[in-house]
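Chain by chain, the residues:
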Amino acid sequence: MSKAPLTTVAFIGLGTMGFPMAGHLSDKGYKLVVYNRTDATAKRWLEQYTGTQAFTPAEAAAQADVIITCVGNDQDVRTVSLGENGIMSAAKPGSILIDHTTASAELARELYSAAQQHELAFLDAPVSGGEAGAVNGALTVMVGGEQSTLDKVESLLGSYAKAVTLVGSAGYGQTCKMVNQLCISGILQGLSEALQLAKAADLDIDTVVEVLQHGAAGSWQLTNRAKSMANNQFDFGFAIDWMRKDLAICFNEANKLGVPLPLAKQVDEQYAKLQQRGFSRADTSALIKQFDQEAR
């Protein structure tokens, strides 16, 4: 692949994750063209980083060797990729499209086929690590597609990722992300229950975390969220709204495969109740709020 300063990257979607991810690419010397549905956000990005603004996905894609999308859901991806003034209408043959959105595996395979028809390469590459991972350039990227394509952009992805792994052909990146989200939901339910017991028994939470994080109960959630959960702090990280969107994707895929997901469905029901109580934008660790007196 060309050295970073010679590679033009179109970054489409400057939300909570995309904003810092695009920033890392700019800081690494890539030439950035950015597009965001909300114009003010793109302008705010340009105040902090070096790049130019495009006013449609097509305008951004036409200038780029690598086109990255990081938007909200399946419909958003379809719109920026396949819609009027979308990426596919203007991308140069031979360019590479990378989708970091957490979306369905079905959509990933659809985009892979569409990219082939337009002589483009495609990778579905959802990320894990949350806002902190994006800001710190420490995301985990699970990739579906061809190794030869990944080889061309792996160093670019390394601008904001600590781990980039090909898990299979098109769609498998998204399926791996589903597995990731199911693990998180189960861990948070267990952690919520465990903290309830710890608090009821008057254990010191800081001490509990220090002890447990080095043993078999250790997890990212325990290390990074247990103390804030115990202190009723949820104003950061990955919102309940987005987790429920991801879990819906998991349930749809599980139904196709005939796989029961009883714990995830239990957690999803609790998240639905928390949304009704006004916690839609709270971090997923707010799951512990299911045990509040007013929730009983």
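Residues numbered from 1 in each chain as written. Predicted model: local features only at pLDDT ≥ 70, side-chain atom pairs only at ≥ 80, totals over all residues. Heavy atoms only, no water.

**Quick notes on helix α1 (residues 18–27)**
For the record, the criterion: With a 1.4 Å probe rolled over the protein chains alone, any residue whose accessible area is under 20% of its type maximum counts as buried; one over 50% counts as exposed, and the rest are partly exposed. Secondary structure elements are defined from DSSP: runs of H or I of at least 4 residues count as helices, runs of E of at least 2 residues count as strands, and each element is numbered from the N terminus.
Of all 10 residues making up α1, nine are buried, and the element is well covered by its neighbours. Among the residues of α1, those classed as buried are Gly 18, Phe 19, Pro 20, Met 21, Ala 22, Gly 23, His 24, Leu 25 and Ser 26. Just beyond α1, the residue with positive phi is Gly 29, at close to 100°.

**Examining the side chain of Asp 268**
Selection rule: Any two residues having at least one pair of non-hydrogen atoms within 4.5 Å are treated as being in contact.
Checked against the element boundaries, Asp 268 lands in helix α12 (residues 262–276). Setting aside chain neighbours within four positions, we find Asp 268 in contact with Arg 244, Leu 247 and Phe 251.

**Considerations on the packing of helix α11 (residues 240–257) against α12**
Operational definition: Every axis in this analysis is a line fitted to C-alpha atoms, fitted for helices over the stretch in contact. Angles between the N-to-C directions lie between 0 and 180 degrees. For a crossing to be left-handed, the near helix must be turned anticlockwise from the far one by less than a right angle; the clockwise case is right-handed. In this classification, the charged set is Asp, Glu, Lys and Arg, the nonpolar set is Ala, Val, Leu, Ile, Met, Phe, Trp, Tyr, Cys and Pro, and all remaining amino acids, among them Gly, are polar.
Interaxial distance between α11 and α12 falls to 10 Å at its minimum, and their mutual angle equals 145°. The two elements α11 and α12 meet at a crossing, and its hand is left-handed. Contact residues: Ile 240, Asp 241, Met 243, Arg 244, Leu 247 and Phe 251 in α11; Ala 264, Lys 265, Asp 268, Tyr 271, Ala 272, Leu 274 and Gln 275 in α12. Residues that form the contact of α11 with α12 fall into these classes: eight nonpolar, one polar and four charged.

**A look at the confidence of the model for the protein**
Using the following cut-off: Scored between 0 and 100, pLDDT is the confidence that the predictor attaches to each residue.
For the protein, the mean per-residue pLDDT works out to 96, and 97% of the residues sit at or above 70. For residues 1–5, every residue scores under 50 in pLDDT, and the model assigns this stretch 11 contacts once sequence neighbours within four places are set aside.

**Quick notes on the packing of helix α9 (residues 205–212) against helix α10 (residues 220–230)**
This is how the line gets drawn: In this scheme, roughly parallel covers angles under 35 degrees and roughly antiparallel covers those over 145, while 65 to 115 is roughly perpendicular and the rest are oblique.
Two elements in contact, α9 and α10, have axes whose closest approach is 10 Å; the angle formed by their N-to-C orientations is 165°. The angle between α9 and α10 places the two elements in the roughly antiparallel class. The hand of the α9/α10 crossing is right-handed. Only Leu 222, Thr 223, Ala 226, Lys 227 and Ala 230 of α10 make contact with α9, whose side of the interface consists of Ile 205, Asp 206, Val 209 and Leu 212.

**Re the layout of surface pockets**
Rules: Of the grid points, spaced at 1 Å and generated over the protein atoms alone, those admitting a 1.4 Å probe that cannot get out make up cavities, while open sets with protein on both sides within 12 Å along at least five of seven lines make up pockets; any residue with an atom within 4 Å of a point is treated as lining. Grid points are joined across faces, edges and corners, and a volume is the space filled by probe spheres set on the points.
The computed volume of the second largest pocket comes to approximately 180 Å³. For the second largest pocket, the full set of lining residues is Ile 187, Gly 190, Leu 191, Ala 194, Leu 195, Ala 198, Val 208, Leu 212, Ala 217, Ser 219 and Leu 222. With six residues, helix α8 (residues 172–200) is the single largest residue contributor to the lining of the second largest pocket. For the lining of the second largest pocket, the residue count by class is nine nonpolar, two polar and no charged.

**Observations regarding unusual backbone geometry**
In this structure, Asp 202 is a non-glycine residue whose phi angle is positive, near 60°. Locating Asp 202 in the fold gives a position in the loop between α8 and α9. Since its relative accessible area comes to 70%, Asp 202 is described here as exposed. Phi is positive for Asn 232, close to 65°, though the residue is something other than glycine. For Asn 232, the position within the fold is in the loop between α10 and α11. According to the relative accessible area criterion, Asn 232 is partly exposed, its value standing at 46%.

**Looking at the environment of Val 77**
Along the polypeptide, Val 77 turns up in helix α4 (residues 74–82). Residue Val 77 is classed as buried on the basis of its relative accessible area of 0%. In this structure, the C-alpha to C-alpha distance between Val 77 and Ala 108, residues 31 residues apart in sequence, is 9.6 Å.

**Quick look at the pairing of strand β4 (residues 66–69)**
Short version of the rule: Pairing between strands is defined by DSSP: at least two bridges between them are needed. Seen with its strands pointing away from the viewer, a crossover is right-handed when the path leading from the first strand over the helix to the second is clockwise.
Residues Val 66 and Ile 68 line one face of β4 and the alternating positions Ile 67 and Thr 69 line the opposite face, and both faces are buried. Summarising the sheet, strand β1 (residues 8–12) and β4 pair through four bridges and their orientation is parallel. Pairing of Val 9 across the sheet is with Val 66, part of β4. Sheet analysis places β4 next to strand β5 (residues 96–99), joined by four bridges and oriented parallel. The partner of Ile 67 across the bridge, within β5, is Leu 97. Taken together, β4, α4 and β5 form a β-α-β motif whose crossover is right-handed.

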